[in-house]
Amino acid sequence: MSATALVAAADIPFAPERIPAPDGNPWHFEMPEALLPIPAPEPPSLRLTDTDFEEVARELDIDPATIHAVVDIEAGRAHSGFNADSTVVINFDLSMFRSMAKRNKVNLSKYSKRYPEVFARPNIRKYGNQQRAQHARLRQAMEIDSLTAIQGTFWGMFQIGGFNWKKCGAKSPADFVERMSRSERDQLELFANFLRSTGLDRHLRSHNWAAFARGYNGPSYARRGYHTRLARAYAKYK
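Because the structure is predicted, anything quoted here is derived from the model rather than measured.

(A) Molecular detail of the overall build of the protein. In terms of regular secondary structure, the protein is built from 12 helices and 3 strands. A burial count over the protein gives 56% of its 238 residues as buried. Within the protein, contacts between residues separated by at least 24 positions form 69% of all contacts whose residues are at least 6 apart in sequence. When the accessible area of the protein is evaluated, it comes to approximately 11,200 Å², of which 51% is carbon and sulfur surface.

(B) Fine view of the environment of Gly169. Its location among the elements puts Gly169 in the loop between strand E3 (160–161) and helix H8 (173–180). Between the C-alpha atom of Gly169 and that of Ser197, which follows or precedes it by 28 residues, the distance is 8.5 Å. Sequence-distant contacts of Gly169, defined by excluding residues within four places in its chain, comprise Arg179 and Asn193.

(C) Spotlight on the packing of aromatic side chains. If you walk through the whole model with that rule in mind, you get 8 aromatic pairs. Note on Tyr111 and Tyr115: the rings are 6.2 Å apart at their centroids and 40 degrees apart in plane angle, and the pair reads as tilted. Here Tyr115 falls in the buried class, since its relative accessible area comes to 5%. Geometrically, the ring pair formed by Phe212 and Tyr216 is stacked, given 5.1 Å between the ring centres and 15 degrees between the ring planes. In this pair, Phe212 and Tyr216 both sit in helix H11 (residues 209–217), 4 residues apart, roughly one turn of the helix.

(D) Examining unusual backbone geometry more closely. For Asp61, which is not glycine, the phi dihedral falls at a positive 60 degrees. Among the structural elements, Asp61 can be located in the loop between helix H2 (50–60) and helix H3 (64–74). The exposure class of Asp61 is exposed, given its relative accessible area of 55%.

(E) Spatial organisation of a positive patch on the surface. Residues Arg223, Arg224, Arg229 and Arg232 make up a contiguous surface patch of positive charge. Mapping Arg229 onto the fold places it in helix H12 (residues 226–237).

(F) Broad picture of the sheet that holds strand E2 (residues 153–155). Taken in spatial order, the 3 strands line up as E1-E2-E3 in an open sheet, and their pairing is antiparallel. The sheet is open, and its two borders are formed by strand E1 (90–92) and E3, each paired with just one other strand. In this structure, E2 lies alongside E3, joined through 2 bridges in antiparallel fashion. When the bridges of E3 are listed, Phe154 appears paired with Gly161.

What counts, and where the lines are drawn
- Residues numbered from 1 in each chain as written.
- Predicted model: local features only at pLDDT ≥ 70, side-chain atom pairs only at ≥ 80, totals over all residues.
- Heavy atoms only, no water.
- Helix = DSSP H or I, 4+ residues; strand = E, 2+ residues; numbered from the N terminus.
- Buried < 20%, exposed > 50% of the residue type's maximum accessible area, 1.4 Å probe, protein only.
- Contact = heavy atoms within 4.5 Å.
- Areas by Shrake-Rupley, 256 points an atom, 1.4 Å probe, with all protein chains shown as cover.
- Phe/Tyr/Trp six-rings, centres within 6.5 Å; stacked < 30°, edge-to-face > 60°.
- Patch = residues over 30% accessible without salt bridge, like charges linked within 9 Å, V, L, I, M, F, W, Y side chains within 5 Å.
- Salt bridge = Lys/Arg side-chain N within 4 Å of Asp/Glu carboxyl O.
- Lys, Arg positive; Asp, Glu negative; His and termini not counted.
- Charge placed at Lys NZ, Arg CZ, Asp CG, Glu CD.
- Pairing = 2+ DSSP bridges.

Take a look at the structure:
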């Protein structure tokens, strides 16, 4: 999980663009049914190409190897923003979900019995793998409060926190999810927008790995060796 969003949490807009739910709860808004369980288009439109890397790198005035290095660290061994079933890679983070619920004034205590999977560890035995279990938790969390569920989840190959939707250039939380779920090119463009809006692009441009790691992964980056792993990954692709 990237702590991308941890650094920017104070900037989260308060209850943006909510669509009142039929239950009358003013802290709950609805997502289009098409976004649940967050399906994605069929291949081959999902995957990034060398041209995608080159075009976005040129827009950011950095070299493609730099983006490849971030993908190497954030996207894991698969280097993919999508699962085998074409759903977007996610990390539903319960601690972040709780934090966002508090900010959004959502009382989670009354939902623990009705939606037990949200508050338990991913049930891999039941769902077959980690990602399917995480999507199951996210679906239940969406039923509690869609905005909070989006904010409490890290999305795509760059693992961007959902509460950074605005800094990624999305029109709304729903637009953020839709674009994250559409293709890796969309995920890359959201990442590029986030870099520009936070100023982190300048650290990648100068290959100041420690400064980038601090801003993108949080103050504990050094303990996890994020900056040194990033430097090694860059050397591999350069």
